[in-house]
Each structure stands twice: as C-alpha cells, then as structure tokens.
Amino acid sequence: MLRISSAGVIRSYRSGLMRSRINLENARQTASDFKAFRSFADNPAAATRSFKLIRSYGKTDNYIQNSKMVTERLDQVWSSMMEVSDLADKIDADISTGMNGDKDLDSRQLVAKTIRGHMESMVQSLNAKYNDDFLFGGQETGEPPFTMDENYNLYYRGINVDTGIDQKTGKPAEMTLPDGTKLEGVKVLEHMAGEKLYVDIGLSMKNNNGGMGDFTSSNDINMSSAMDVSMPGINVIGFGKDDKGNPKNAISQLRDIANELEKEKPDLDKLSEMRTRFGDTRNDIRKAISTVDTRADFVKTNTTRLEKTSDSLYTQISDLTEVDPALAYTNFAFAQSYYNSALKIGNSILDQSFIDFMK
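Residues numbered from 1 in each chain as written. Predicted model: local features only at pLDDT ≥ 70, side-chain atom pairs only at ≥ 80, totals over all residues. Heavy atoms only, no water.

## Considering the overall build of the protein
Part 1 of the reasoning: A tally of helices and strands in the protein yields nine helices and nine strands.
Part 2 of the reasoning: Counting every position in the protein, which comprises 359 residues, the buried fraction comes to 39%.
Part 3 of the reasoning: Put simply, of all contacts in the protein between residues at least 6 apart along the chain, 65% involve residues at least 24 apart.
Part 4 of the reasoning: Taken as a whole, the protein presents about 20,400 Å² of accessible surface, with 49% of it coming from carbon and sulfur. (Helix = DSSP H or I, 4+ residues; strand = E, 2+ residues; numbered from the N terminus. Buried < 20%, exposed > 50% of the residue type's maximum accessible area, 1.4 Å probe, protein only. Contact = heavy atoms within 4.5 Å. Areas by Shrake-Rupley, 256 points an atom, 1.4 Å probe, with all protein chains shown as cover.)

Below, the structure written as structure tokens:
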C-alpha cells in the first residue's frame, strides 16, 4: 500500500499554490498592459521577429518625416517660383506699355523704374528660405544666393551670372573639383547649376557602385535611389550668354530693357527682340515650375506608400507583442478563480494562519 505523508501533501500543495499565484500575477499584469511577452526568454521567436519589425517601423517613420519635409520644402520652392513667374508676366505687360510709341520719355522712365522694382522683388523671391536654408542656393544653403549691385548686375554666390566674373576679385571665378579638374568663369556657374542635394525618403539610397553608405559627395549617390531637393536659382532664371552675346538671365534681360526704355529715342526693333528673349526665359521659368510639380507629386505619392507600410508594420508588431484585451481579462478571471479555489482547498490541509497569509 502506498502511503503519502502529510508533509509531502503540504509541500506539493504549497508548490502548486505558488504557481497559481504566479500565474495570477502574470495574468493581472497582462490584463493591465496587454503585452504578450516581457522578455526575450518568454518567446524567443516572436521577440526576434518583433525586434526586426520595430526596427523597420522606426526607419519607415524616419522616411515619412523626411518625405514630409521634402514636400514642405518643394511647396515653398514652388510658391517662390510662382512669385517670380507672376512678376515676369507683370513685367511683360509693363514692357508692352513702354514700347507704345505714344509714350514720352517721362512715361517710359516711370515704366523702367517699375520694371526695376519688380526685378528687386524677383531677387527677393529667389532668396527665399525654408527653415534656415536658402532654397535656391544649390548645395550652399547658408547664405542668400543672389545679390544685385547698383547697376542691376546680378550675382549668384558672388559670381556675375552673365560673365562668370568673381565680384570680390574682379577676375573669372575659379573652382577645383575633387578629381582635380579646374573650372573657370561661366564653367563654374555650369557646375553650380548641376549641383544636387539628396534626401533619403525610403528609396533604398545607394551609391553608384550599388553599395550602401560611404558617400563622399552627392555625386556618389545613385540619383534613382534618393530625392534631389536642390534647385539652383540660376536654373530658374538662366545664366551666361547666347551665341550673339545676349544675356540669358531674366534679371539681366530686364536690366537691358529698362536701360533701353530710358533712352531719348529707344530702338523699338531692339526692344522687340529683347522682349522675345525675355519671353523665352519666362517659358523656362514655367518649365522649372513644372519640374517642381512633378517632384512634389512623386514625393506625396511616396509618402502615402510609406504611411501604408507603417500601418502594416504597426499591425504586425501589435499582433506579435500584444494580446486581445478580452482574452487578457478572461485569462485573468480564470487565474483569479483558480487561485481562490486553491486557497479554499488549502483550508482542509494547512494551518489557518498560512491561509490568511496567502490571502
């Protein structure tokens, strides 16, 4: 016959009661915070997967913030360029007024003064800022990109936009590229016009060799893997001269038109040619605005895609790391019931003082 001692029964009961109490505390905590596990050891497989998902969720959130920042920046660029375009349209109407053969010198001088006032407004729009960055300075965003002297000659980052002459030295501007290539004069402006400023918006940014990281300059970045947010101002209003020596920059064109209007006998044929060239520049400004529109639409679509990805990741993380509240409360109720039942059973085999202590 198998005989069970009282001490053995008590030890077994105490062990079961403690397990029931631990289960009750775990169920109470789960009903409080709805966490499926609290340490890696509780569920290694789910914990490993959740860590990967949380990391992806964090990166996606960064991409969303970058994407929204780019959208805001492009919206500001678009707004400033529209100001320039609207001013160009107003100026064209002023030019038409000034070319009217019935206008006397005083009237034409007034038109020229109005044109110069609009020119200054255009330059102000091209020196617009987003946060602390000047939008139209290419890779140099810390200083206003455009300045204009008393003769209405325009300078981009200290370089005459028509001639490539450095404003400080009075000599052709110079630049040495990382590969040792030396540029001079208008060639410097051409390089500045091609500058890029990339932002990672979740397009798997890579360098030109297909690797991640190790970007020594913006030229190392694969342009299809990041968003270029630069908009060098000279790409908007032009720079340099055409094959006939005429300026291709809108401000310089307007300067010459205003000067011609102020002459005692302006050359109307010359003014007509100038106006035609300015009309071409106006079309270039509109094309630049269209380019910004295209970029902004792409970024907005990308933001929507990222937000959907973020929602999906959040759902997966929640499914792995959280329990259904109804299930958590049900398990807590069962655990409470089991524990209370265990206490009642103990009344018949343990001292009353111990039962009182466990309650």
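Moving on from the coordinates now.
## Describing the environment of Asp 104
Part 1 of the reasoning: When you line up the elements, Asp 104 lands in the loop between helix 2 (44-98) and helix 3 (105-126).
Part 2 of the reasoning: Separated by 158 residues in the primary sequence, Asp 104 and Glu 262 have C-alpha atoms spaced 9.9 Å apart.
Part 3 of the reasoning: A distance of 2.7 Å separates polar atoms of two side chains, one belonging to Asp 104 and the other to Ser 107. (Polar contact = N/O pair within 3.5 Å; in protein donor to acceptor, adjacent residues only side chain to side chain.)

## Points about helix 4 (residues 186-193)
Part 1 of the reasoning: Looking only at helix 4, the buried set comprises Val 188, Leu 189, Met 192 and Ala 193. Here the buried residues of helix 4 occupy an arc of 140° about the axis, which is enough to place them on one side.
Part 2 of the reasoning: Where helix 4 is buried, its residues contact strand 4 (154-156), strand 5 (159-160), strand 6 (174-176), strand 7 (182-184) and helix 5 (233-237). (Arc of directions from axis to C-beta.)

## Considering the nonpolar core
One recurring pattern in soluble globular proteins: nonpolar side chains tend to sit buried together.
Part 1 of the reasoning: Core analysis: the biggest nonpolar cluster contains 57 residues, and Met 81, Ile 115, Ile 234, Ile 237, Leu 254 and Ile 257 have the highest contact counts within it.
Part 2 of the reasoning: If you list the elements that add at least two residues to this core, you get helix 2, helix 3, strand 4, helix 4, helix 5, helix 6 (250-261) and helix 7 (268-321).
Part 3 of the reasoning: With five residues, the next largest nonpolar core counts Ala 46, Leu 53, Ile 317 and Leu 320 among its residues. (Core = buried A, V, L, I, M, F, W, Y, C linked by side-chain atoms within 4.5 Å.)

## Some points on helix 6
Part 1 of the reasoning: Here helix 6 contains twelve residues, and its C-alpha end-to-end distance of 16 Å stays within 8% of the 16 Å for a straight helix at 1.5 Å per residue.
Part 2 of the reasoning: Of all twelve residues that make up helix 6, ten are buried, and the element is covered over most of its length.
Part 3 of the reasoning: When we look at burial in helix 6, the residues that qualify are Ala 250, Ile 251, Ser 252, Gln 253, Leu 254, Arg 255, Ile 257, Ala 258, Glu 260 and Leu 261.
Part 4 of the reasoning: Elements in contact with the buried residues of helix 6: helix 2, helix 3, strand 3 (146-148), strand 4, helix 5 and helix 7. (Expected span 1.5 Å × (residues − 1).)

## Re the confidence of the model for the protein
Part 1 of the reasoning: With 78% of its residues at a pLDDT of 70 or more, the protein shows a mean pLDDT of 82.
Part 2 of the reasoning: Below a pLDDT of 50 lies the segment residues 208-218, which in the model reaches 17 contacts outside its immediate sequence neighbourhood of four places, other chains included.
Part 3 of the reasoning: In the predicted structure, residues 352-358 sits below a pLDDT of 50 and forms 13 contacts with residues beyond four places in sequence or in another chain. (pLDDT = per-residue confidence, 0-100.)

## Quick notes on the environment of Gln 109
Part 1 of the reasoning: Looking at the secondary structure, you find Gln 109 in helix 3.
Part 2 of the reasoning: Each C-alpha atom, one on Gln 109 and one on Asn 259, is 9.0 Å from the other, the two residues being 150 residues apart in sequence.

## Here's the deal with the packing of helix 6 against helix 7
Part 1 of the reasoning: Look at helix 6 against helix 7: their axes get within 10 Å of each other, and the N-to-C directions meet at 160°. As the angle between them shows, helix 6 and helix 7 are arranged roughly antiparallel. Once helix 6 is placed against helix 7, the crossing between them reads as left-handed. Only Lys 270, Leu 271, Met 274, Arg 275, Arg 277, Phe 278 and Thr 281 of helix 7 make contact with helix 6, whose side of the interface consists of Ala 250, Gln 253, Leu 254, Asp 256, Ile 257, Glu 260 and Leu 261.
Part 2 of the reasoning: The residue makeup of the contact of helix 6 with helix 7, split by class, is seven nonpolar, two polar and five charged. (Axes fitted to C-alpha atoms, helices over the stretch in contact; angles between N-to-C directions. Parallel < 35°, antiparallel > 145°, perpendicular 65-115°, else oblique. Left-handed = near helix turned anticlockwise from the far one by under 90°. Nonpolar A, V, L, I, M, F, W, Y, C, P; charged D, E, K, R; others polar.)

## Some details on the side chain of Asn 249
Part 1 of the reasoning: Here Asn 249 shows up in the loop between helix 5 and helix 6.
Part 2 of the reasoning: Within the structure, Asn 249 has its side chain in polar contact with the backbone nitrogen of Ile 251 (distance 2.9 Å).
Part 3 of the reasoning: Among the polar contacts listed, one links the side chain of Asn 249 to the backbone nitrogen of Ser 252, at a separation of 3.1 Å.

## Some words on the packing of aromatic side chains
Part 1 of the reasoning: Per the counting criterion, the structure on display carries two aromatic pairs.
Part 2 of the reasoning: For the pair Tyr 57 and Tyr 314, a centre-to-centre distance of 6.1 Å together with 45° between the ring planes defines the contact as tilted. Of the two residues, Tyr 57 is situated in helix 2 and Tyr 314 in helix 7; the sequence distance between them amounts to 257 residues.
Part 3 of the reasoning: A relative accessible area of 28% places Tyr 57 in the partly exposed class.
Part 4 of the reasoning: Tyr 314 gets classed as partly exposed once you look at its relative accessible area, which sits at 48%.
Part 5 of the reasoning: Between Phe 146 and Tyr 156, the aromatic rings sit 5.1 Å apart at their centres with planes inclined by 55°, giving tilted as the arrangement. Remark: Tyr 156 occurs in strand 4 and Phe 146 occurs in strand 3; sequence separation between them is ten residues. In terms of burial, Phe 146 and Tyr 156 fall into one category: buried. (Phe/Tyr/Trp six-rings, centres within 6.5 Å; stacked < 30°, edge-to-face > 60°.)

## Thoughts on the packing of helix 3 against helix 6
Part 1 of the reasoning: Put simply, helix 3 and helix 6 touch, their axes get as near as 9 Å, and they point 165° apart. Taken together, the axes of helix 3 and helix 6 are roughly antiparallel relative to one another. By crossing handedness, the relation of helix 3 to helix 6 is classed as left-handed. Residues Arg 108, Val 111, Ala 112, Ile 115, Arg 116, Met 119, Met 122 and Val 123 of helix 3 form the contact with helix 6, whose participating residues are Ala 250, Ile 251, Leu 254, Arg 255, Ile 257, Ala 258, Asn 259 and Leu 261.
Part 2 of the reasoning: Taken together, the residues that form the contact of helix 3 with helix 6 break down as twelve nonpolar, one polar and three charged.

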